[in-house]
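# Commentary on secondary and tertiary structure
Below, each chain spelled out in residue letters.
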Amino acid sequence: MTYRIGYFVGSLSSSSINRRLAQALIALAPDELEFTEIPIGDLPLYSPDHDADYPAPARALKDAIEASDGILFVSPEYNRSIPGALKNAIDWGSRPWGTNSFARKPTGIVGASIGAVGTAVMQSSMRSVLSFLNAPQLNSPEVYIQVTEQTFGDDGSVADSSLEQFLRHYMEEYGSFVERVLSVTAPGHIGDREQ
């Protein structure tokens, strides 16, 4: 069976190391996972004033989340927390109240940074947010990567064989997690919105 995985890149940078990490993860993922990026760069700032009439980029975001069987977050850490653009996208996807598009979606969180902490604090914040959103999370293995210029090629290739093996293992675990979660919620609840 094929599972549709929507993924978020939490950085808006054109030279994002997390975009290269996302490319590496996709290349190393099991064949049964199909990936589609869910873009966040065109979203306005979320306000409840929009709840009655969502702008087109926000409707497209919610549609993409709901069309996905699972969600993967690949993100840097900004100021020891979730980057603003990513948190804004999560806020859009979880609203209006009663239409949480993340509910029951199996999620994974990974991140790369040039710093030694390797996005650990951002991921801790994300786990709190996703718990509130009723989005099951793959809790282990955890992926906190400190990168250098040589860690990833422009095409997402991984220079270090042990890191490549670890990322392949993570994606295998994530694929198994998606299957387990959906076996509990399928068929009647996949893609359902939380009421």
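Now for a quick tour of the structure. All of these numbers come straight from a predicted model, not from anything done at the bench. (Residues numbered from 1 in each chain as written. Predicted model: local features only at pLDDT ≥ 70, side-chain atom pairs only at ≥ 80, totals over all residues. Heavy atoms only, no water.)

Regarding its fold elements, the protein presents 5 helices and 5 strands. Counted from the first residue to the last, the protein has its helices and strands arranged as β-α-β-α-β-α-β-α-β-α. Whereas a compact globule of 195 residues would reach a radius of gyration of roughly 16 Å, the protein reaches 16 Å, a difference of no more than 12%. Dimensions along the principal axes, computed over C-alpha positions, put the protein at roughly 50 × 35 × 25 Å. Going through the 195 residues of the protein one by one, you find that 48% of them count as buried. The contacts of the protein with a sequence gap of at least 6 include a subset with a gap of at least 24, amounting to 81%. Summing over all exposed atoms, the protein offers an accessible surface of approximately 9,400 Å²; the carbon and sulfur share of this is 50%. (Helix = DSSP H or I, 4+ residues; strand = E, 2+ residues; numbered from the N terminus. Rg over C-alpha atoms; globule rule 2.2 N^0.38 Å. Buried < 20%, exposed > 50% of the residue type's maximum accessible area, 1.4 Å probe, protein only. Contact = heavy atoms within 4.5 Å. Areas by Shrake-Rupley, 256 points an atom, 1.4 Å probe, with all protein chains shown as cover.)

Here the focus is unusual backbone geometry. Geometrically, the link from R95 to P96 is a cis peptide bond, its omega value of -10° lying close to zero. With respect to the helices and strands, the residue P96 is situated in the loop between α3 (84-94) and β4 (107-113). With omega at 5°, the peptide bond leading from S140 into P141 counts as cis. Mapped onto the fold, P141 is located in the loop between α4 (120-132) and β5 (143-146). Phi is positive for N79, which is not a glycine, with a value near 50°. You can see N79 is positioned in the loop between β3 (70-74) and α3.

Moving on, we get to the sheet that holds β3. Across the sheet, 5 strands lie side by side as β2-β1-β3-β4-β5; this open sheet has parallel pairing. Of all the strands in the sheet, the pair left with one neighbour each is β2 (33-37) and β5. Going across the sheet, the axis of each strand differs from the next one's by a mean of 20°, ignoring polarity. Along the sheet, helix α1 (residues 17-28) makes contact with β1 (3-9), β2, β3, β4 and β5, crossing β4 at roughly 130°. (Pairing = 2+ DSSP bridges. Axes fitted to C-alpha atoms, helices over the stretch in contact; angles between N-to-C directions.)

Of the volumes computed, that of the largest pocket is approximately 240 Å³. Along the wall of the largest pocket there are 19 residues; nearest its centre are P76, E77, A112, S113 and I114. At the level of secondary structure, the elements contributing two or more residues to the lining of the largest pocket comprise α1 and β4. Of the residues contributing to the lining of the largest pocket, the split by class is 7 nonpolar, 10 polar and 2 charged. (1 Å grid on protein atoms, 1.4 Å probe; cavity = no way out; pocket = protein on both sides within 12 Å on 5 of 7 lines; lining within 4 Å. Points joined across faces, edges and corners; volume = space filled by probe spheres on them. Nonpolar A, V, L, I, M, F, W, Y, C, P; charged D, E, K, R; others polar.)

Attention now goes to the environment of F152. Position of F152 among the secondary structure elements: in the loop between β5 and α5 (161-185). Residues F152 and Q23, spaced 129 residues apart in sequence, show a C-alpha to C-alpha distance of 9.3 Å. Once you skip the residues sitting within four places of it in the chain, F152 turns out to touch I17, R20, L21, A24, V147, S157, V158 and L167.

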